[in-house]
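# Structural overview for review
Residues per chain are reported as follows:
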Amino acid sequence: MSRIHRKNTINNPFDRDGTGHPLPSLDRREWLRRAAAAGLVVVLPIGCSRRAPGPAVEADALLRFPGKVPMRALNDSPPNLETPWRYFREDLTPNEAFFVRWHLQFLPTTVDLRTWRLTVGGHVERPLELSMDDLRRMKATSVVAVNQCSGNSRGLFEPHVPGGQWGNGAMGNARWTGVPLGDLLRRAGVGDGAVDVSFAGLDRGGYRTVPDFVKSLDLARASDPEVLVAYEMNGEPLPLLNGFPARLVVPGWYATYWVKALTEVTVLPQRFAGFWMNPAYRIPTTPNAVESPSELAPAKDLVPINRMNVRSFFTAPERGSRQVRGQVCWLEGIAFDGGDGIRRVEVSLDGGGSWREAELGDDLGRFSFRRWRLAWRPQVAGRPRLLVRAVNGAGETQAAEPGWNRSGYMRNVIEEWTVEVV
C-alpha cells in the first residue's frame, strides 16, 4: 500500500519557519479563529511552554502544547500528554484537556483542507477521493464514547513493565460527530472476498526501520454503524493533536484503533499483517489479558487487543482531602466499559468489608462515561479506605487484585481512594 501523499501536507515537527525562528505559539481560541478566517487551514505551531511539575507528577514535566492546558507529559516528541484528573468531573472531557497519544516522531503540523483528501480504495468497485466538504455533505451521526489508551495506568503495574508510564489519565470522553465508515464502504462498493479494512494517517515513521502507523479492522467490525470517520469532537473541529481533520472512532475498543489524521482507508482481500497489528498491540487470550510475572516465557496464545473491560474511578472529593465528621460528603466518580453499559456502581467505605450501591447519573449512551455519586456522613476520625467497583450489563466487574501482563494493558482493578476525616 502506497504511503506517498502528494496532496496532503505534513511537516516535520522539528522544522522551523524557514527563518531559523520557532513558529509562534497560539492558544486554542486563536487557533480556531485563524482556521475559521481562512475557512480551510489549521496549523499546529512548533514548540510548547514548560511548567514546573506539580507535587503529584513526580519527575514528569507539565507541558503546554498549543490548544491544550498544562498536561503531564510522558514525552514531547512525539507528544504523549495525560489529562489532569480534575477534568474527569465533567461528563465530556474538554477538548483542551483531552489526552494525547502519538506513536511516531513525524506527525502533521500543517493540514490544508484545500488539498487534504480521504481515499477509500483497495478491493472496491468505485475508489473514492473525498474532501472535507464531501464528508460534511453526507448524513452525519454522533456518538458519546470513551477513548482510552491500551496502556492507560501502565505506570501502576507491579512489577513494572516497559512502555509509557501512564497514570490513570490516558483516557477521555467526548461526543464524536462524523460519517459512519460503513456508509463510505457501501459507496465505494466492497469487492467480493473482502476480509479486512486498513487505516493510515498522516503521521509516519520517517525511517526505514520505523513502520508507519497502520491499523486494521475486520470487515464486519468496520461496517458497524457505530464506527465513524469523525471530524468533530464535542461540537468543534477536532484539535490537531487529537486527529484533525478526521479520525477513526471505534466505540468500545481501545484507542490504538482510533487512527488520527486519517487519510487512507483500504479494503483488503486478505488479513492485514502490518507491524502495529502483529506483533504490536497483542494480548493473551486469558480473561482481562492476565498472565503471571513469575513465568519467564511470555504467553503463546495472543490476539490483537480489542474491546475495553469495565472500570470505575473516584473523581471527588480530592484525594487526601479533609472531611469533617458528621457532615455529608458526596463521593463522586465515573464508570465505563466496552459497550454493554454500566448496570450499577458499588462503593465500600470500610476497605471492602461492606458495599453500598451508588446513584447513577445521566445515561449518555453505552459507550460513554456513566457518572455516579454517593452521600457519605463519616462518623469516625481517621483515614478510611474507600473502594469503588462497577458492574456492566454483561455482569462483568473489576478484580479485587490487579492483573498483570507484559505489555501493561487493560488494568481494571477495584480502585482505592483515601481521605482524612477530622
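Residues numbered from 1 in each chain as written. Predicted model: local features only at pLDDT ≥ 70, side-chain atom pairs only at ≥ 80, totals over all residues. Heavy atoms only, no water.

## Points about the pattern of salt bridges
Evaluated as defined, the whole model comprises 24 salt bridges. In this structure, the salt-bridge partner of Arg307 is Asp340, at a minimum N-O distance of 2.1 Å. Highlighted residues: Arg307 in the loop between β19 (302-304) and β20 (311-316) and Asp340 in the loop between β22 (329-336) and β23 (342-348), separated in sequence by 33 residues. Judged by relative accessible area, which is 38%, Asp340 ranks as partly exposed. Put simply, Arg389 and Glu346 hold a salt bridge, and the shortest N to O gap is 2.6 Å. Note that Arg389 is positioned in strand β27 (residues 385-392) and Glu346 in strand β23, a separation of 43 residues in sequence. One salt-bridge network, held together by shared partners, links Arg221, Asp224, Glu226 and Arg366. (Salt bridge = Lys/Arg side-chain N within 4 Å of Asp/Glu carboxyl O. Helix = DSSP H or I, 4+ residues; strand = E, 2+ residues; numbered from the N terminus. Buried < 20%, exposed > 50% of the residue type's maximum accessible area, 1.4 Å probe, protein only.)

## Things to note about the pairing of strand β5 (residues 79-82)
Neither face of β5 is exposed, since Pro79 and Leu81 on one face and Asn80 and Glu82 on the opposite face are all buried. Pairing analysis gives four bridges linking strand β4 (residues 71-76) to β5, with the strands arranged antiparallel. Paired with Ala73 across the bridge in β5 is Leu81. Counting the residues that bridge the hairpin from β4 to β5 gives two residues. With two bridges joining them, β5 and strand β6 (residues 100-101) adopt antiparallel strand pairing. Each residue of the ladder has a partner; that of Leu81, found in β6, is Val100. (Pairing = 2+ DSSP bridges.)

## Some remarks on the sheet that holds strand β12 (residues 196-201)
Taken together, five strands build an open sheet; the order of strands is β9-β8-β17-β12-β13 and the sheet is mixed. Every other strand in the sheet has two partners, leaving β9 (128-130) and β13 (214-218) as the edge strands with one partner each. The average undirected angle you get between the axes of adjacent strands in this sheet is 15 degrees. Sheet analysis places β12 next to β13, joined by five bridges and oriented antiparallel. The residue of β13 that forms the bridge with Val197 is Leu217. Strand contacts of helix α3 (residues 181-188): β8 (118-122), β9, β12 and β17 (262-268), with the helix running at about 135 degrees to β9, the strand carrying the most contacts. (Axes fitted to C-alpha atoms, helices over the stretch in contact; angles between N-to-C directions. Contact = heavy atoms within 4.5 Å.)

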